[in-house]
Amino acid sequence: MGNTVVKLTPCLAGREADDNAPQSTLCQTPTIAGIPDSFDQEGIGQTISFKRDDSDDPNSVPFQTIHCVSLGANQIAPSSIMNDYSFSSSSSFGRSSSFSSFALHPSSSSFSSSDPSYSGILVRSASTTILREIQAARDRRNQDKLENPSLGRRLINSITSRLKKYTGGVVCGSHTGTVHQGTCDEGKSDPGAVHWAQGKAGEDRVQMVYSEEHQLLFVGIYDGFNGPDAPDFLLANLYEAILLELEGIQWEKQDHQQVLGAMSRALRRADEEYLNMADENPELAMIGSCVLVMLMKGDDLYLMNVGDSRAVLAQKAEPDLSGVLGKADEDLERFKVEMMRQLEAYERDKLSGLVAVQLTMDHSTAFYQEVRRIRSEHLDDPCPVTRGRVKGTLKVTRAFGAGFLKKPKWNNLLLEAYKVDYIGNSPYINCNPYLRHHKLGPRDRFLILSSDGLYDHFKNDEVVAQVEMFTSMHPEADPAHHLAELILRSAATKAKKDVNDLIGLPQGERRKYHDDVSIVIISLDGKIWKSSPRLDEISNQELLNC
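As the structure is a computational prediction, the values presented were derived from the model and not from experiment. (Residues numbered from 1 in each chain as written. Predicted model: local features only at pLDDT ≥ 70, side-chain atom pairs only at ≥ 80, totals over all residues. Heavy atoms only, no water.)

Let's talk about the packing of helix 9 (residues 460-473) against helix 10 (residues 479-495)
Orientation of helix 9 relative to helix 10, taken along the N-to-C sense of each, is 125 degrees, at an axis distance of 10 Å. Relative to helix 10, helix 9 is oriented oblique. Considering the relative orientation of helix 9 and helix 10, their crossing is right-handed. Residues Val463, Gln466, Val467, Phe470 and Thr471 of helix 9 lie in contact with helix 10, whose contacting residues are Pro479, His482, Leu483 and Leu486. (Axes fitted to C-alpha atoms, helices over the stretch in contact; angles between N-to-C directions. Helix = DSSP H or I, 4+ residues; strand = E, 2+ residues; numbered from the N terminus. Parallel < 35°, antiparallel > 145°, perpendicular 65-115°, else oblique. Left-handed = near helix turned anticlockwise from the far one by under 90°. Contact = heavy atoms within 4.5 Å.)

And the structure:
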């Protein structure tokens, strides 16, 4: 895929960029590419991207590009018992070589823009000092890997072993997780490649896996609370659990309920396995996570969520043909020409008039139907929801983990200071996900998957409008990184602080002003647009029926 790898570094005052471009608070400098394991540099966050190769058949890939950003605010301690699955730094990524990765750092006046494709939004520098420091750090980590296999390596082994069951193939390519039928041939293209990336910022975890052979894209966003153990467990286990449940699925039969059922079973079983560990490790009963999972198979989207992370689809509004339809009785040929002209203009204008369609459901005390459900299940409890939180502790009403609100026994294992007044035996929260299938169509433009940290600052339509505007002005730049900067600016404005002072705060202290946030933006300008009918193939009757 040939993507480059850069590190985001200081960029505020001195920059050789378009004066009309927005001032960037986060910048990038090149790092060293070619090592796909454990991209583990410190920073306030990370971005990562994947672009389909230009030589790929557009009819075989369900998306064009993926842009992801994770912005950390929480300062967290290492996982208590999940050390085998944890990252060592507060903001870090692992990836295969087909993804490009960036580390986000506070900006200064030391660097200037050298990449016109970003129009000054991201600034590159050729600092050899930074390159040497990064290489030295990687050399140290490579030595550590000899004794401690990385999370990325375990993921690769998990993915390839599961895909071999699908294909009966053998694994090729130590870093891309490649699966081939028969024997490996280094000189040939790799139709069975598995591309992956995963990482964290604060208590957020994000995971992306794309199998070329199966044309299956997986994205998971795990927004943890009270600690990192639950999202780390999901990062290490949920993808493989879903693959296991999907074994035997006949995709060609288009049984969408069967796919959604498999995803739901995998989540429930993972929840049970995690909470079983709380019997021996009571602290795990306090820790939980919101879950947002998307599977894309061709034009089919399968979504699953618990908690308040969201999937928002940017969809082009229906064309306004009211002025043309009123002339249908005048001159049919003239009407047809005018109709075709209007539809052609509509097709050419790819982004104008986008609307935001939320494909998931928020599970929080902000929604009355969720509060009513909890109260109806706890009629003997006068205060199941108090101060806007379930038992005064959680805003979310459904979550992975958090056993202290699911069974009395896990609440009773906690120290007295952390216990809630658990009345009865019914769970206060559950892990029953919202499930949805969506068939992609020619009006769908891009999909935004995000933890709730984005929507603390913007509404759905505002997010879609920002991505629409940014991509129209800077088509080669990273819209996820743009949203991260908007969050920081919004947080600074609300706090009446200078944005650079806010960014300079250490993680933990910055949590007072914004949450951890992970955002994945998937461009859908791929194969689905090729299926729209040509206007000259539309009959007179079809035009009249529009």
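Re the pattern of salt bridges
Taken as a whole and judged by the stated rule, the model has 13 salt bridges. For arginine 269, the salt bridge goes to glutamate 245, with nearest N and O atoms at 2.4 Å. Taken together, the positions of arginine 269 in helix 4 (residues 256-276) and glutamate 245 in helix 3 (residues 229-246) put the pair 24 residues apart, joining distant regions of the chain. For arginine 269, a relative accessible area of 44% gives the class partly exposed. A residue is classified by how much of its surface remains accessible, and glutamate 245, at 13% relative accessible area, is buried. (Salt bridge = Lys/Arg side-chain N within 4 Å of Asp/Glu carboxyl O. Buried < 20%, exposed > 50% of the residue type's maximum accessible area, 1.4 Å probe, protein only.)

Structural notes on unusual backbone geometry
Unusually for a residue other than glycine, glutamine 215 sits at a positive phi of about 50 degrees. Tracing the chain through its elements places glutamine 215 in the loop between strand 10 (204-211) and strand 11 (216-225). The phi dihedral of glutamine 254 falls on the positive side, at around 55 degrees, and the residue is not glycine. Of note, glutamine 254 is situated in the loop between helix 3 and helix 4. With relative accessibility at 36%, the residue glutamine 254 sits in the partly exposed group.

A look at the nonpolar core
Grouped together as the largest cluster of nonpolar side chains are 56 residues, with contacts concentrated most on Ile242 and Phe400. Of all the secondary-structure elements, those providing two or more residues to this core are strand 9 (194-201), strand 11, helix 3, helix 4, strand 12 (288-297), strand 13 (300-306) and helix 7 (368-377). Discounting residues that sit within four places of it in the chain, isoleucine 242 has contacts with Phe218, Met263, Ala266, Val293, Leu295 and Met304. Ranked by size, the runner-up nonpolar core spans 30 residues in total, among them Leu71, Val499, Ile503 and Ile521. (Core = buried A, V, L, I, M, F, W, Y, C linked by side-chain atoms within 4.5 Å.)

Focus: the side chain of histidine 457
The topology assignment puts histidine 457 in the loop between strand 20 (444-450) and helix 9. You can call histidine 457 buried: its relative accessible area is 13%. Among the polar contacts made by the side chain of histidine 457, one reaches the side chain of serine 490 at a distance of 2.9 Å. Contacts of histidine 457, omitting those with residues within four sequence positions, involve Glu462, Ile487, Ser490, Ala491, Lys494, Tyr513 and His514. (Polar contact = N/O pair within 3.5 Å; in protein donor to acceptor, adjacent residues only side chain to side chain.)

Re the pairing of strand 11
Of all 10 residues making up strand 11, 10 are buried, and the element is well covered by its neighbours. Judged by which residues are buried, strand 11 turns out to be covered on both faces: Leu216, Phe218, Gly220, Tyr222 and Gly224 on one side and Leu217, Val219, Ile221, Asp223 and Phe225 on the other are all buried. Between strand 10 and strand 11, which pair antiparallel and follow one another directly, the connecting turn spans four residues, one of which, glutamine 215, has a positive phi of 50 degrees. Summarising the sheet, strand 11 and strand 12 pair through 10 bridges and their orientation is antiparallel. The residue bridging aspartate 223 from the neighbouring strand is cysteine 290, located in strand 12. (Pairing = 2+ DSSP bridges.)

A short note on helix 4
Taking 1.5 Å of rise per residue, 21 residues should cover 30 Å, and helix 4 covers 31 Å from first to last C-alpha, within 8% of that figure. For helix 4, the set of buried residues is His256, Val259, Leu260, Ala262, Met263, Ser264, Ala266, Leu267, Ala270, Asp271, Tyr274 and Leu275. (Expected span 1.5 Å × (residues − 1).)

What to know about the sheet that holds strand 20
Within the open sheet, the seven strands sit side by side as 6-3-4-21-20-14-15. Their pairing is antiparallel. Strands with a single pairing partner mark the edges of an open sheet, and in this sheet they are strand 6 (100-104) and strand 15 (354-358). Shown here is a sheet whose adjacent strand axes are inclined to one another by a mean of 15 degrees, direction ignored. Of the strands in this sheet, strand 14 (310-316), strand 15, strand 20 and strand 21 (517-523) touch helix 9, which is tilted by about 135 degrees from strand 15. Along the sheet, helix 10 contacts strand 3 (45-51), strand 4 (65-71), strand 6 and strand 21; its crossing angle with strand 4, the most-contacted strand, is approximately 25 degrees.

Let's talk about helix 9
Taking 1.5 Å of rise per residue, 14 residues should cover 20 Å, and helix 9 covers 20 Å from first to last C-alpha, within 8% of that figure. Regarding helix 9, the residues found buried are Asn460, Val463, Val464, Val467, Glu468 and Phe470. Taken together, the buried residues of helix 9 touch strand 14, strand 15, strand 20, helix 10 and strand 21.

Examining the confidence of the model for the chain
Put simply, the chain has an average pLDDT of 74, and 61% of its residues get 70 or more. Least confident of the elements in the chain is strand 7 (residues 170-172), whose mean pLDDT is 32; most confident is strand 18 (residues 400-401), at 98. Low pLDDT, under 50, characterises residues 1-22; the predicted model gives this stretch 102 contacts beyond four residues in sequence or across chains. (pLDDT = per-residue confidence, 0-100.)

Some details on the packing of helix 3 against helix 4
Put simply, helix 3 and helix 4 touch, their axes get as near as 9 Å, and they point 140 degrees apart. By the angle between their axes, helix 3 is oblique relative to helix 4. Here helix 3 and helix 4 pass one another in a crossing that is right-handed. On the side of helix 3, the interface is formed by Asp229, Ala230, Phe233, Leu234, Leu238, Ala241, Ile242, Glu245 and Leu246, while helix 4 contributes Val259, Ala262, Met263, Arg265, Ala266, Leu267, Arg269, Ala270, Glu273 and Tyr274. Taken together, the residues of the contact of helix 3 with helix 4 break down into 14 nonpolar, no polar and five charged. (Nonpolar A, V, L, I, M, F, W, Y, C, P; charged D, E, K, R; others polar.)

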